[in-house]
Amino acid sequence: MDVSFLGGPHPQHGVGVVAPFDFALDRELWRWVPDEVSLHLTRTPYVPVEVSLDLARLVSEHATLHEAVRALSAAEPQVLAYACTSGSFVGGHTGERAMCAAMTQAGGVPSVTTSGALLEALAELGARRIALVTPYTRSVTRSLERYLARGGIEVTARANLGLTHHIWQVPYRSVSAMAHRAVRRKPVDALFISCTNLPTYDVIPQLEAELRIPVLSANQVTVWSALRHLGIGAVGPYQALLNPSARPGASEFGTTAPGPAAPRKGCSDHPVLPDTPLL
């Protein structure tokens, strides 16, 4: 059958994604992406190390990033995203910015990381006091808290699972239970669910309705920030980050949904306190 009349395929905006070797949620990333965007994923080389600060350092080495970006360059992405929370906060703010710079130098296009995107998203929401949910051990969770503190974000409550492997198998009910456990302790401006290997897409609108605060997740902020560089909005039902009309108090003030975000030109630049080593 002659299908030439269809005129496709339609032009696509490409987003190159570098993920750790054990990343298992490719499909979740795609759920935030509109039809005119294609994701091009590659993974860092396997290393026999459980989820820890040591693993975070190994999967974020600049030589590793350089090779991953080179592999993605053939698809000519317009923006690059490093999809790993711990790998992008383990070196502090200086390390996160250096990662962005290294990827941009290797690929010649703007770059974002999950941890940098998180600070960008919190600034977008005006959130300064947050509750934190992670699947990590206490040491990794504490390192994330220090990263956030240097960005001016106070973590007032937290809950974690203490996992070192198979994080992608955590069910939504466990994520929801952690969120409720963390938020009930103190009033907060938002909740952040960390780790790009922790499933969150379907639980975000449920939690926002129950907790009545914006809920952010690692994969959500990564995709949102990468698409924002292209002037394109991420998609998703009832998610405050994506749609201001879903934010607390929006209807009272007549807030309406935004058009596409203005394109961004480079790594996020956040005011932070001086870095000290993450122990």
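Residues numbered from 1 in each chain as written. Predicted model: local features only at pLDDT ≥ 70, side-chain atom pairs only at ≥ 80, totals over all residues. Heavy atoms only, no water.

**Examining the confidence of the model for the protein chain**
Taken residue by residue, the protein chain gives an average pLDDT of 90. The fraction at 70 or more is 88%. Predicted confidence for residues 252-265 stays below pLDDT 50, and this span has 25 contacts to residues more than four positions away or in other chains. (pLDDT = per-residue confidence, 0-100. Contact = heavy atoms within 4.5 Å.)

**Some remarks on empty space enclosed by the protein**
What the rule picks out here adds up to two cavities of 30 Å³ or more. Its boundaries defined by the atoms lining it, the largest cavity holds a volume of some 170 Å³. Along the wall of the largest cavity there are 16 residues; nearest its centre are P20, D22, C84, S86 and C195. Its residues assigned to classes, the lining of the largest cavity comprises 10 nonpolar, five polar and one charged. One number sums up the size of the second largest cavity: a volume of about 60 Å³. In terms of lining residues, the second largest cavity is bounded by V15, V17, L29, L39, A81, T222, V223, A226 and L227. At the level of elements, β1 (13-19) and α10 (218-229) are the ones that each hand at least two residues to the lining of the second largest cavity. (1 Å grid on protein atoms, 1.4 Å probe; cavity = no way out; pocket = protein on both sides within 12 Å on 5 of 7 lines; lining within 4 Å. Points joined across faces, edges and corners; volume = space filled by probe spheres on them. Nonpolar A, V, L, I, M, F, W, Y, C, P; charged D, E, K, R; others polar. Helix = DSSP H or I, 4+ residues; strand = E, 2+ residues; numbered from the N terminus.)

**Concerning the pattern of salt bridges**
A complete count under the given rule lists nine salt bridges for this structure. Residue E67 is joined to R70 by a salt bridge in which the shortest nitrogen-to-oxygen separation is 3.7 Å. Of this pair, E67 and R70 both sit in helix α3 (residues 62-73), three residues apart, roughly one helical turn. The exposure class assigned to E67 is partly exposed, which follows from its relative accessible area of 46%. Judged by its relative accessible area of 52%, R70 falls in the exposed class. The partner of E124 in a salt bridge is R247, and the shortest N-O contact between them spans 3.5 Å. You can see E124 sitting in helix α6 (residues 114-125) and its partner R247 sitting in the loop between α10 and α11 (250-253), a full 123 residues away along the chain. A single network of salt bridges, built from pairs that share partners, joins E120, E124, R228 and R247. (Salt bridge = Lys/Arg side-chain N within 4 Å of Asp/Glu carboxyl O. Buried < 20%, exposed > 50% of the residue type's maximum accessible area, 1.4 Å probe, protein only.)

**A few points about the pairing of strand β2 (residues 37-43)**
Relative to β2, β1 runs parallel, the two sharing seven bridges. Within β2, the residue paired with H13 across the bridge is V37. Note that the unit made of β1, helix α1 (residues 26-31) and β2 has a crossover that is right-handed. (Pairing = 2+ DSSP bridges. Right-handed = clockwise from strand over helix to strand, strands pointing away.)

**As for the nonpolar core**
Within the largest apolar cluster, 85 residues are counted, with the highest numbers of intra-cluster contacts made by V15, L122, I130, L148, L191 and L216. Setting aside residues up to four positions removed in sequence, I130 forms contacts with L122, L148, I153, E154, V155, T156, A157, V188, A190 and F192. (Core = buried A, V, L, I, M, F, W, Y, C linked by side-chain atoms within 4.5 Å.)

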